[in-house]
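In case you want the letters, here they are:
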Amino acid sequence: MFAVHLLAFYLKKLQEDQVRKVDRFLYNMHLNSEQLQDIMAQFDNEMRKGLSTIETSTVKMLPTFVRSTPDGTEKGDFLALDLGGSRFEVLRVKVSEDGRQVIHTERQTYPMSDEMKQGNAPEFFNYVAECLGDFMEKQEIKGKKLPLGFTFSFPCRQTRLDEDFDVDVLALVNDTVGTMMSGGFDDPYCEVGVIVGTGTNACYMEELSHIESVEGDIGRMCINTEWGAFGDDGSLEDIRTEFDRELDSGSLNPGKQLFEKMISAMYLGEIVRLILVKIAQNGMLFKGNTSLKLLTERSFGIQHVSAIMNHKSGLENAMQILTDLDLNPSEEDCLAVQHICTIVLSRSVSLCAATLATILIRLKRNKKVKRLRTTVGIDGTVYRTVPQYSKNLHRMVRRLAPECDVRFILVETGTGKGAAMVTAVAYRLVHQRKYQEKTLAPLKLTREQLLKVMKMMRSEMEQGLKKETHSTATVKMLPTFIQKFPDGTERGKFLALDLGGTNLRVLLLVLQRRPRRSTQVYQKSYRIPMEIMQGTGEELFDYIAECIVEFLDYMGMKCAQLPLGFTFSFPCVQHQLDQGFLVNWTKGFKATDVEGNDVVTLLKEAIKRHGELDLEIVALLNDTVGTMMTCAYENPNCEVGMIAGTGSNACYMEEMKNIEIVEGDEGRMCINTEWGAFGDNGCLDDIRTTFDRLVDINSLNPGKQKYEKMISGMYLGEIVRNILINFTKHGLLFRGLVSPVLKTVGIFETSYISQIESDRLALLQVRTILQNLGLDSTCDDSIIVKEVCGVVSERAAQLCGAGMAAVVDKIRENRGLDHLEITVAVDGTLYKLHPHFATILKETVKDLAPNCDVTFMLSEDGSGKGAALVTAAVKRPD
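For the structure given in this document, a descriptive report is provided here. (Residues numbered from 1 in each chain as written. Predicted model: local features only at pLDDT ≥ 70, side-chain atom pairs only at ≥ 80, totals over all residues. Heavy atoms only, no water.)

**Describing the environment of Met804**
Here is the rule we go by: By the criteria applied, helices consist of DSSP H or I runs no shorter than four residues and strands consist of E runs no shorter than two, each listed in order from the N terminus. In this scheme, a residue with accessible area under 20% of its type's maximum is buried, one over 50% is exposed, and one in between is partly exposed, where area comes from a 1.4 Å probe on protein chains only. Note on definitions: a residue-residue contact is assigned when non-hydrogen atoms from the two residues lie within 4.5 Å.
Here Met804 shows up in helix α25 (residues 779–814). Met804 sits in the buried class, given a relative accessible area of 0%. On a C-alpha basis, the gap between Met804 and Asp623 in space is 17 Å, while along the polypeptide they are 181 residues apart. Excluding residues that lie within four positions of it along the chain, Met804 makes contacts with Val640, Met642, Ala650, Trp675, Val824, Val845 and Phe856.

Written as structure tokens, this is what we have:
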């Protein structure tokens, strides 16, 4: 019994010694963490260079012009050709949508002889066409013109997705892209494709802004890395072994595809064979003997490696394989050979994991996220058939990219099905793009349309100034009775109220002349509760009086006698400066018994009810006039005011002789145009869209303020939301699912438009905004949403510009000038915060009113400070 144990111990020690010898002999094939990190850094640098048009790289980073992955809405009947080896397949792929997507595939394989592969191109493609025709005839679809996808698994530099084929949409992709797209059908997070088979390659979705060889910087495009050539510049020499060099020198392409030659099925078996020969010749295996078969190239393939690595029958298989090679193996030899296979495969796993982890880390960096959630579609004989290879690869990738949550999905029919999916996606995008362009076309105004708007605005302004048409005019052209501008000599303390939205502001303006002109503003804001906004008029003005009392108490001026200016940003008819009859409420106000009454009188009565106040209401004006007066205090050339914010309006200095509803012909008076109602008579109907009508119908004042509803911040978000609903219903957005969030009126605020259109904002951040709104969006969704926002805001800026061009050109003609130089005071969140609104507005005014040199001056706190300045100008002793 002791002898048996001793023999077993001796055999085990012998085996361990054999393994140690192999480990020492193949020491250079063991890659440590430092080496892997260095490989990752080198590969990342090669990827960067490959995306550049200036630097050269071994990793070609070829654009595929595949810009989108499946989103689950694809459907239709598609053909696919899969060409990449000794035969090729023709497939018919039907994608149906019955509550869920289902793929039905029919395929036929056609032989491909060596003569055919090595013949001339016309003969080759004629044969492909004949096989395609045969397949279509058998499928009884010969007369149909179906979209076609073509998997061509060889390096190609593409200039577009389709080339020279008479089909609706043709996608030319390689097997790696096909694998990613096929995986994307099953998992929307799939944005990487990997092949570890006869050859090896990877593709992934890269930001367009990083791909210098392709025009455009919005969205993403699939990049075919062609990573098999990594190291062809010698950068991997320090990890290549004598066996790699011997294999390379005897290959058909010496010095090329060096990375592929260390990890793919075509070469792994040969590397093992070269190692066996060398070790045997050194006397470490087979008692120092080799055989003619072992010395024969390609006699040991990946199928042998897979069999030997079988965890149950591996040693048995090794014995049989080595015997078939005319060797006389011992059990120790079989164990050593199995260990050699393990080392060669481990290196393959490590190298593949290092480059794949680099791609994942790049995706994470592109998306600027703390953790990346993604899926890798993967295929290939090594990955599929070699025991433990996939498991070890997954483990190694997660170790090298710890901040990436990676799911791997095996895509066994990725090449043909993937080509069909690329075609399906392209087909979807073509049809969606056509619908998108058709839907957005009415919102894209031509210069002729803008000139017509300018002309109509001018005509409506004239109607508002005439006595006989003033009452029916939509652009009311209300006299403000402001004829004096502040000149800088004013001094004293002046109180101002600013009511124009959901907040009331109370301000104190202190003007001093000595030792130098200076202004000091003290203010406090009070939120107006909804029950006050929509209660009675008495309740509203009592609340305003209470806020004044609280402010003066806060300032320590409780019983002060002060002149007061009142900015009341709602349409009013004025017959004098300190009087104004409200025409109608806007901006959500509905307080009763105010419309048709003098708001100054209502305020005086409320002040009287609070006996502790001693105020003189000197002037009533709106925010637009206040904006103009604030800038005029600094710039005497400022004679126009404009608001482009929650609402929109303009005022300007009109010749008294043109204002028929006011007595007097001398001098000028500020006219409050109330241009928001422009178009209420139907004159803008030919440029109003379905979405404008939807916003109008669902507003608090249907049929009113039509121009304002096309250009102001209160409504632009709603226009965008209605377009997004339309696009979603037609399958262009959010996988065709109209969420309850998207149905919520007012959920898409105009501030989101400003954020989304910011040039500094990447698509991922746009996607984050949408997701914060509860909208499950993709990168493609983000591109469409950004375009919709751009179209809507550009139209708003252009229409606003057309209105302003009408105003300044009228001033020029009033004064009989060939050329006018004038300053426009402007305020409002849309003008101040939107990244492009101001620029487009200015360009439009310059284009439509070329004889006017218009300077836009941003007014700081015009609506409040302006009322105090008007009051100061009125109280100024002349």
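**Notes on the pattern of salt bridges**
Keep this limit in mind: When a carboxyl oxygen of Asp or Glu is within 4 Å of a side-chain nitrogen of Lys or Arg, the pair counts as a salt bridge.
One pass over the full model with this rule turns up 43 salt bridges. In this structure, the salt-bridge partner of Arg407 is Asp187, at a minimum N-O distance of 2.6 Å. Here Arg407 is found in strand β11 (residues 404–410), whereas its partner Asp187 is found in the loop between α5 (175–186) and β7 (190–196), with 220 residues between them in sequence. Of the residues examined, Arg407 reaches a relative accessible area of 45% and is grouped as partly exposed. Across the salt bridge formed by Asp685 and Arg688, the nearest N and O atoms sit 3.5 Å from each other. We classify Asp685 as partly exposed; its relative accessible area is 31%. Three or more residues joined by partner-sharing salt bridges are found here, namely Arg458, Glu462, Glu654, Asp809, Lys810, Arg812 and Glu813.

**With respect to the packing of aromatic side chains**
The geometry of an aromatic ring pair is captured by the separation of the ring centres together with the interplanar angle, meaning the angle of the planes. Under the convention used in this document: Side-chain rings of Phe, Tyr and Trp, where Trp is taken by its six-membered ring, are said to pair if the distance between their centres is within 6.5 Å; with planes under 30 degrees apart they count as stacked, over 60 as edge-to-face, and otherwise as tilted. Whether a charge sits over a ring depends on NZ of Lys or CZ of Arg being within 6 Å of the ring centre and within 35 degrees of the ring normal.
The tally for this structure, following the rule as stated, stands at 16 aromatic pairs. A ring pair is formed by Trp585 and Phe589, whose centres lie 5.2 Å apart and whose planes are at 20°; its orientation type is stacked. On the basis of relative accessibility, which here comes to 3%, the residue Phe589 falls in the buried class. Ring pairs connect the aromatic residues Phe566, Phe568, Phe570, Trp585 and Phe589, which therefore count as one cluster. Looking at Arg373, its charged tip hangs above the ring of Tyr189, at a distance of 3.9 Å from the centre. Positioned above the aromatic ring of Tyr554 is the side chain of Lys524, whose terminal nitrogen or guanidinium carbon lies 4.4 Å from the ring centre.

**Here we look at empty space enclosed by the protein**
This is how the line gets drawn: Two kinds of site are reported from a 1 Å grid over the protein atoms alone, namely cavities, where a 1.4 Å probe fits but cannot get out, and pockets, open sets with protein on both sides within 12 Å along at least five of seven lines, and residues are called lining when an atom falls within 4 Å of a point. Grid points are joined across faces, edges and corners, and a volume is the space filled by probe spheres set on the points. Asp, Glu, Lys and Arg are counted as charged, while Ala, Val, Leu, Ile, Met, Phe, Trp, Tyr, Cys and Pro are counted as nonpolar; the rest, among them Gly, fall into the polar class.
Per the counting criterion, the structure on display carries 3 cavities of 30 Å³ or more. Estimated volume of the second largest cavity: approximately 70 Å³. Tallied by class, residues from the lining of the second largest cavity come to 7 nonpolar, 4 polar and no charged.

**Concerning the pairing of strand β8 (residues 200–207)**
Looking along a regular strand, one sees side chains alternate from face to face of the sheet. Note the following rule: Pairs of strands are assigned from DSSP output, requiring at least two bridges between the strands.
Counting buried residues along β8, 8 of its 8 residues qualify, which places the element largely inside the surrounding structure. Burial along β8 is two-sided: the face carrying Thr200, Ala202, Tyr204 and Glu206 and the face carrying Asn201, Cys203, Met205 and Glu207 are both buried. In this structure, β7 lies alongside β8, joined through 5 bridges in antiparallel fashion. Counted as the bridge partner of Gly193 is Cys203 from β8. Sheet topology places β8 next to strand β9 (residues 220–224); 5 bridges connect them, and they run antiparallel. The residue bridging Met205 from the neighbouring strand is Cys222, located in β9.

**Some remarks on the side chain of Arg812**
Our working rule: Polar contact is defined as a pair of N or O atoms within 3.5 Å, subject to the rule that within protein one atom must be able to donate a hydrogen and the other to accept it, and that residues adjacent in sequence are counted only when both atoms are side-chain atoms.
Relative to the elements of secondary structure, Arg812 occurs in helix α25. Engagement of the side chain of Arg812 in a polar contact is seen with the backbone oxygen of Leu817, the distance being 2.8 Å. Excluding residues within four positions of it along the chain, Arg812 makes contact with Leu817, Asp818, His819, Leu820, Asn851 and Cys852.

**Some details on the sheet that holds strand β13 (residues 492–499)**
What holds strands together in a sheet is hydrogen bonding between their backbones, with the strands either parallel or antiparallel. Heads up, the condition is: In this analysis an axis means a line fitted to C-alpha atoms, helices contributing only their contacting stretch, and an angle means the value between N-to-C directions, from 0 to 180 degrees.
What the 5 strands build is an open sheet, ordered β15-β14-β13-β16-β19; its pairing is mixed. Looking at which strands have only one partner, the edges of the open sheet turn out to be β15 (518–527) and β19 (614–621). Strand after strand, the sheet turns through a mean of 25° between neighbouring axes, direction not considered. When β13 meets strand β16 (residues 561–568), the two strands line up parallel, connected through 5 bridges. Bridging across to β16, Leu497 finds its partner in Phe566. Along the sheet, helix α17 (residues 537–555) makes contact with β13, β14 (503–512), β15, β16 and β19, crossing β15 at roughly 130°.

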